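Survey of secondary and tertiary structure
The residues making up each chain are set out below.
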Amino acid sequence: MTRGTYLEVRLPLQEDPLLLMSRLVRSHLFDPHLLYESSAGWSLAGGALASVRLGGGEAADLEHVGARLAAVPVAGWRAYGWAAFELGAALAGESSEGTETLLHLIVPTDGTEVLVRSVTAERLDLIVDRVRSAGPAPAPEPTGRIPLPLDDTGNYRAAVAEALVEVRGHSPLEKVILSRQIPVPAAVDLVSSYVAGRRANTPARSFLLDLGGVQAAGFSPETVAEVTADGRVTTRPLAGTRARTGKPDDDARLRADLLSDPKEIHEHAISVRLALEDLGTVCDDTGVSEYLNVLDRGTVQHLASTVTGHLRPGYGPWDAFAALFPAITATGIPKAPAYPLIRRLEGKPRGLYAGAVLTFDSDGTLDAALVLRSIFRRDGRCWIQAGAGIVRQSQPEREHEETCEKLRSVAHHLVPADTHE
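Below you will find a few notes about this structure. (Residues numbered from 1 in each chain as written. Predicted model: local features only at pLDDT ≥ 70, side-chain atom pairs only at ≥ 80, totals over all residues. Heavy atoms only, no water.)

**Overview of the overall build of the protein**
Condition: By definition, any uninterrupted DSSP run of H or I lasting at least four residues is a helix, any uninterrupted run of E lasting at least two residues is a strand, and each is numbered from the N terminus. All radius of gyration figures rest on C-alpha atoms, and the globule criterion is 2.2 Å times the number of residues raised to 0.38. Any two residues whose heavy atoms approach within 4.5 Å are treated as being in contact. When charges are counted, Lys and Arg contribute as positive and Asp and Glu as negative, whereas His and the chain ends are disregarded. Taken as the charge location is NZ of Lys, CZ of Arg, CG of Asp or CD of Glu.
Across its full length, the protein holds eleven helices and 21 strands. For 421 residues, the compact-globule estimate of 2.2 N^0.38 gives 22 Å, and the C-alpha radius of gyration of the protein, at 21 Å, lies within 12% of that figure. Looking at the protein alone, contacts between residues at least 24 apart form 75% of all its contacts between residues at least 6 apart. Taking the average place of the 43 positive charges on the side chains of the protein and the average place of its 54 negative ones, the gap between the two points comes to 2 Å.

What follows is the structure in structure tokens.
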């Protein structure tokens, strides 16, 4: 098949990339859009030259993704998209009810990383003009915030207590992650909230998207899967949490407490063990590095480790993603018995929360960020969400407190819709 090529122009970066990207999103030249910040930099995709949507039984086999992307009519493409948490159950062989989309990818018509790409000359010129149109003075930071109480108005503590009965009983579960939602009662300026939140957070990845009926902005603390073109696979589980207060002495004390807490170390160790087991299903040369580091992530600090392997012959990037998704740190150990317990105690599908936002390149490179520390908008509703890992040593009050610590990474940066940067 003969493939076309993107038209490209490389431009000098003349403003803060965060503000450049948010300004381009506001221009509505990139709709639908997905802005993704990775270790390689910022990229913004807009329009849909090709798309892949999987749901129901079809989502149980990610080979469908590669087959559909093989028909993309341009060379050197990158696909952008998201995976819902419930994709994990489909990959595990559980029957999927309804027609809900579980994986949605687009190959964009346009993209910019200061390298501007488009499939048409007219669109390329339009985007280049918009990139160059910034004034010399930076836009003012958004100032207004939406006050949002974070205390449990539902039954989270009771759900934790019920989960503890399972974990401490005869269930195979060693750990389960339970989350709770906080509705946002006011209209939110998602772009301004992304700018404000990104300024205050220290994410592994960040994103801003409007794709497939879902809108979200997030500051991901960890990656689910990173796959290089030569088959190197990395996952970076974070488990074990203490608050960050912004006061160095208090944060150092909390860090020392985290590193000496048997419950937190046990929770982290079993997460790393399962990451090794999951990688071992598709990789050789698996190992752990940077074990029990402490990483700052916004209003919290986490125990962190890095687990790596190399894909065995016959396996590809989507096999690695399927083996690692959903993240251990947002599901349970083992994963399979965690799904029905999460559904029963949380009472509704998670959707994008605890799923992934990802990019996938034509050379086989894949980068998937865990969707936590995010604000979500769908079907007229807006909410934030956070969870905690329940193990035998857990206490409901402490797990509730941990969700509040995590929610503050987003809740303090919600900008009302009538405020602009």
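Next comes the rest of the account.
**Considering the nonpolar core**
Heads up, the rule is: Each nonpolar core is a collection of buried residues, namely Ala, Val, Leu, Ile, Met, Phe, Trp, Tyr and Cys, held together in the definition by side-chain atoms within 4.5 Å. Burial status follows relative accessibility: with a 1.4 Å probe on protein chains alone, a residue under 20% of its type maximum counts as buried, one over 50% as exposed, and anything between as partly exposed.
If you look at the biggest cluster of nonpolar residues, it comprises 87 residues, and the most contacted ones within it are Leu-69, Val-176, Leu-209 and Phe-321. Element by element, the count of residues in this core is highest for helix H5 (residues 156–168), at six residues. Once residues within four sequence positions are removed from consideration, Phe-321 is found in contact with Leu-62, Ala-83, Leu-87, Ala-356, Leu-358, Leu-366 and Ala-368. Core analysis: the next-biggest nonpolar cluster, separate from the first, contains 40 residues, Leu-35, Leu-44, Ile-127 and Tyr-194 among them.

**Describing helix H9 (residues 317–324)**
Counting buried positions along H9 gives six out of eight residues, so the element sits mostly inside the fold. Of the positions making up H9, those classed as buried are Pro-317, Trp-318, Ala-320, Phe-321, Ala-323 and Leu-324.

**Details of helix H11 (residues 396–411)**
Rule in force here: Expected helix span is computed as 1.5 Å times (number of residues minus one).
Spanning 16 residues, H11 covers 22 Å between terminal C-alpha atoms, matching the ideal 22 Å at 1.5 Å per step. Every buried residue belonging to H11 is among Glu-399, His-400, Glu-402, Thr-403, Cys-404, Glu-405, Lys-406, Leu-407, Ser-409, Val-410 and Ala-411, and all of these are buried.

**Points about the layout of surface pockets**
In this approach a probe as big as a water molecule rolls over the atoms, and the regions it shows empty are the leftover space. Inclusion rule: Both site types are read off a 1 Å grid over the protein atoms alone. A 1.4 Å probe that fits but cannot get out defines a cavity, while an open set with protein on both sides within 12 Å along at least five of seven lines defines a pocket; lining residues have an atom within 4 Å of a point. Grid points are joined across faces, edges and corners, and a volume is the space filled by probe spheres set on the points. In this count, Pro and Cys sit with the nonpolar residues alongside Ala, Val, Leu, Ile, Met, Phe, Trp and Tyr, while Asp, Glu, Lys and Arg are called charged and the others, Gly among them, polar.
Approximately 620 Å³ is the volume attributed to the largest pocket. Looking at the largest pocket, it is lined by 28 residues, and the ones nearest its centre are Glu-86, Glu-100, Pro-349, Arg-350 and Gly-351. Elements represented by at least two residues in the lining of the largest pocket include exactly helix H3 (87–91), strand S6 (101–107), strand S11 (214–220), strand S20 (374–378) and strand S21 (381–390). By residue number, the principal contributor to the lining of the largest pocket is S20, which donates three residues. Here the lining of the largest pocket is composed, by residue class, of eleven nonpolar, six polar and eleven charged.

**Section: the pattern of salt bridges**
Defined as follows: Take a side-chain nitrogen of Lys or Arg and a carboxyl oxygen of Asp or Glu: if they are within 4 Å of each other, that pair is a salt bridge.
The tally for this structure, following the rule as stated, stands at 36 salt bridges. A salt bridge links Glu-15 to Arg-23, with the nearest nitrogen and oxygen atoms 2.6 Å apart. We classify Arg-23 as partly exposed; its relative accessible area is 23%. Through salt bridges with shared partners, a single ionic network connects Lys-175, Arg-242, Asp-257, Asp-261, Lys-263, Glu-264, Glu-267 and Glu-399.

**Digging into the environment of Gly-88**
Mapped onto the elements of the fold, Gly-88 is located in helix H3. What makes Gly-88 buried here is its relative accessible area of 3%. Each C-alpha atom of the pair Gly-88 and Ala-323 lies 9.4 Å from the other, and the pair is 235 residues apart in sequence.

**Quick notes on the packing of aromatic side chains**
Let me state the cut-off plainly: A pair of aromatic rings is counted whenever rings of Phe, Tyr or Trp (Trp by its six-membered ring) have centres within 6.5 Å, and the orientation is called stacked for planes under 30 degrees apart, edge-to-face for over 60 and tilted otherwise. The rule for a charge over a ring is simple: NZ of Lys or CZ of Arg within 6 Å of the ring centre, and within 35 degrees of the ring normal.
Evaluation of the coordinates by the stated rule reveals eight aromatic pairs. With a centroid separation of 5.9 Å and an interplanar angle of 10°, the aromatic rings of Tyr-194 and Phe-219 are classed as stacked. With Tyr-194 in helix H6 (residues 190–200) and Phe-219 in strand S11, this pair connects stretches of sequence that are 25 residues apart. A centroid spacing of 5.6 Å and a plane angle of 20° characterise the contact between Phe-376 and Trp-383, whose relative ring orientation is stacked. Of the two residues, Phe-376 and Trp-383, both sit in the buried class. Ring pairing ties together the aromatic residues Trp-77, Trp-318, Phe-321, Phe-325 and Phe-360, which thus form one cluster. Cation over ring: Arg-350 sits above Phe-85, and NZ or CZ is 4.5 Å from the ring centre.

So, to be careful, I would describe these as geometric facts and stop short of saying anything about function.
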